[in-house]
Amino acid sequence: MIQRILHLTLLIIFLPSCGSFASPPPPTLAPTRLVIPSPSSTPPPTETPFPTITPTPLPSVERVLIVSFDGLRPDAIAAANMVNLLSLMQNGAFTLSAQTIMPSLTLPSHASMLAGTCPAKHIVRWNEYVPQNGFALGVDIFDLAHAAGMRTVMVVGKEKLRQVTEPASTDYFDFVDRTDKIEDSTTVLRLALAQINTGFGLMFVHFADSDIEGHKNGWMSRAQLEVYGREDKGLGLLIQALKDKGMYESTMIIVTSDHGGHETTHGTDLPEDMTIPWIISGPRIAPGKLSTQVYTMDTAATAAFALGLPLPPEWDGTPVFEAFGMPVDEFGNSGC
Ligand SMILES: [Zn+2]
């Protein structure tokens, strides 16, 4: 019990100063003296030194990896036996009832996920690559990380995701397909593995084939679940590469999706389209199922919080504090 109280006390002392999780480890607490009360008939009060508390320094977050499985319904994770994602859930914090935005389409949803705002602010409601429309408005997570001197990377399955952030905000950007229709099971993974070798502060990886398969054969079809299984192996290889490079312990990993799907489509406000998984694993994460209602805009906010970057006040997303062992933020955002 005492240990638990000490632990809580340490948490309270430490949390206000750790808006930046990239900050140095907490200082060792100075020895405290505990006064033992004694009856008046006994000799003068004795002071017993309290043992020095030396918290084990937790690794700081040096980088964030955000992985989006396009069109991933939460119920597909178990149905497709995505063992690497299930393992992240077991070691991390997660919710299977996070919500995306309307329209529940790839480009608008990814814009909210990474710009931290609702479509009313970033204005991306189109879902094709339309270069003349420019880029999502506002400060996004790539802008923040890049301005802080971090290497920023986007490796995506669909060219249209270029419109989530300006080229100047990504040190590396590459995509696989211009048409949104061609499956390519190796290129995104190969590009992402190369970027792990190069090193990054923020990397976004987008696996797109499962969505394409959903449009062809239906959401939760055997063909789509097979693709999720294959893409999950890709996630496993990314994690293994981080471990091989000694980067895993200091990497925050967020896995989520842009939307779900029903029949052979998505884009509506049906729960099957709107509900997405949200999983976070890494330093300082308190494992377990989250009770916070998470929205896709919270991905950018949580990544910024983990990296110690200032949150733009206009963002609609809020960090998922509960994932860090902090109290549930009941006044968090309420969606779009
Ligand atoms: Zn999509």
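The text that follows walks through the structure, step by step, so that each part is easy to find. This is a predicted model, so every value here is computed, not measured. (Residues numbered from 1 in each chain as written. Predicted model: local features only at pLDDT ≥ 70, side-chain atom pairs only at ≥ 80, totals over all residues. Heavy atoms only, no water.)

**Some thoughts on the pairing of strand β5 (residues 152-158)**
Each regular strand displays side chains that alternate between the two surfaces of the sheet. Most of β5 is tucked away, with seven of its seven residues classed as buried. Alignment of β5 against strand β7 (residues 202-207), held across four bridges, turns out to be parallel. Bridging across to β7, Val155 finds its partner in Val205. As judged from the five bridges shared by β5 and strand β6 (residues 172-177), these two strands associate in the parallel manner. Along β6, the bridge assignment pairs Val155 with Asp174. (Buried < 20%, exposed > 50% of the residue type's maximum accessible area, 1.4 Å probe, protein only. Helix = DSSP H or I, 4+ residues; strand = E, 2+ residues; numbered from the N terminus. Pairing = 2+ DSSP bridges.)

**Focus on the coordination of the zinc ion**
For the zinc ion, every protein donor is listed as Asp70 (OD), Thr106 (OG1), Asp258 (OD) and His259 (NE2), and the spread of their distances is 1.9 to 2.1 Å. Given four donor atoms and angles of 97 to 136° at the metal, the environment of the zinc ion is assigned as irregular. The sequence motif formed by the donor residues of the zinc ion is D-x35-T-x151-D-H. Residue Asp70 is found in the loop between β3 (63-69) and α2 (74-79), and its partner Asp258 is found in the loop between β8 (251-256) and α10 (271-274); the two are separated by 188 residues along the sequence. Comparing Asp70 with Asp258, the two get one shared label, buried. (Donors = N, O, S within 2.8 Å, 3.2 Å for Na, K, Ca; no water. Tetrahedral: all angles 85-135°; square planar, octahedral: opposite > 155°, others 65-115°.)

**Notes on the sheet that holds β6**
Within the open sheet, the eight strands sit side by side as β6-β5-β7-β3-β8-β9-β4-β10. Their pairing is mixed. Looking along the sheet, the strands with just one partner apiece sit at the ends: β6 and β10 (288-289). The sheet contact formed by β3 and β8 spans six bridges and is parallel. Bridging across to β8, Ile66 finds its partner in Ile254. Its contacts with the sheet place helix α3 (residues 83-91) against β3, β4 (93-99), β8 and β9 (275-281), and it is angled at close to 65° to β9. (Contact = heavy atoms within 4.5 Å. Axes fitted to C-alpha atoms, helices over the stretch in contact; angles between N-to-C directions.)

**Focus: the packing of helix α8 (residues 209-217) against helix α9 (residues 222-244)**
Between α8 and α9, the least distance of the axes is 8 Å, while the angle of their chain directions is 175°. Our classification of the angle between α8 and α9 gives roughly antiparallel. Seen from α8, the contacting residues are Asp209, Ser210, Glu213, Gly214 and Asn217; seen from α9, they are Ala223, Gln224, Val227, Tyr228, Arg230 and Glu231. Taken together, the residues of the contact of α8 with α9 sort by class into three nonpolar, four polar and four charged. (Parallel < 35°, antiparallel > 145°, perpendicular 65-115°, else oblique. Nonpolar A, V, L, I, M, F, W, Y, C, P; charged D, E, K, R; others polar.)

**So, the packing of α3 against α9**
The angle between the axes and the distance between the axes are what describe a pair of packed helices. At a minimum axis distance of 7 Å, the contact between α3 and α9 shows a crossing angle of 55°. Comparing the axis directions of α3 and α9 gives the class oblique. Only Asp232, Lys233, Leu235, Gly236 and Ile239 of α9 make contact with α3, whose side of the interface consists of Val83, Asn84, Leu85 and Leu88. Residues belonging to the contact of α3 with α9 are distributed by class as follows: five nonpolar, two polar and two charged.

**Things to note about unusual backbone geometry**
With an omega of 0°, the peptide bond running from Met102 to Pro103 counts as cis. Tracing the chain through its elements places Pro103 in the loop between β4 and α4 (106-115). Here Ile123, not a glycine, exhibits a phi torsion of approximately 65°, which is positive. Checked against the element boundaries, Ile123 lands in the loop between α5 (119-122) and α6 (141-147).

**What to know about the packing of aromatic side chains**
Scanning the entire structure with this criterion turns up four aromatic pairs. The interplanar angle of 20° and the centroid separation of 5.3 Å between the aromatic rings of Phe69 and Phe207 together place this pair among those described as stacked. Residue Phe69 is located in strand β3, and its partner Phe207 is located in strand β7; the two are separated by 138 residues in the primary sequence. Here Phe305 and Phe324 contribute two aromatic rings whose centre-to-centre distance is 5.0 Å and whose plane-to-plane angle is 85°, an arrangement assigned as edge-to-face. (Phe/Tyr/Trp six-rings, centres within 6.5 Å; stacked < 30°, edge-to-face > 60°.)

**Observations regarding helix α11 (residues 298-307)**
Within α11, 10 of the 10 residues are buried, leaving the element largely enclosed by the surrounding structure. Among the residues of α11, Asp298, Thr299, Ala300, Ala301, Thr302, Ala303, Ala304, Phe305, Ala306 and Leu307 are the ones counted as buried. Buried-residue contacts for α11 involve β3, α4, α6, β8 and β9. The first or second residue beyond α11 is Gly308, which carries a positive phi of 75°.

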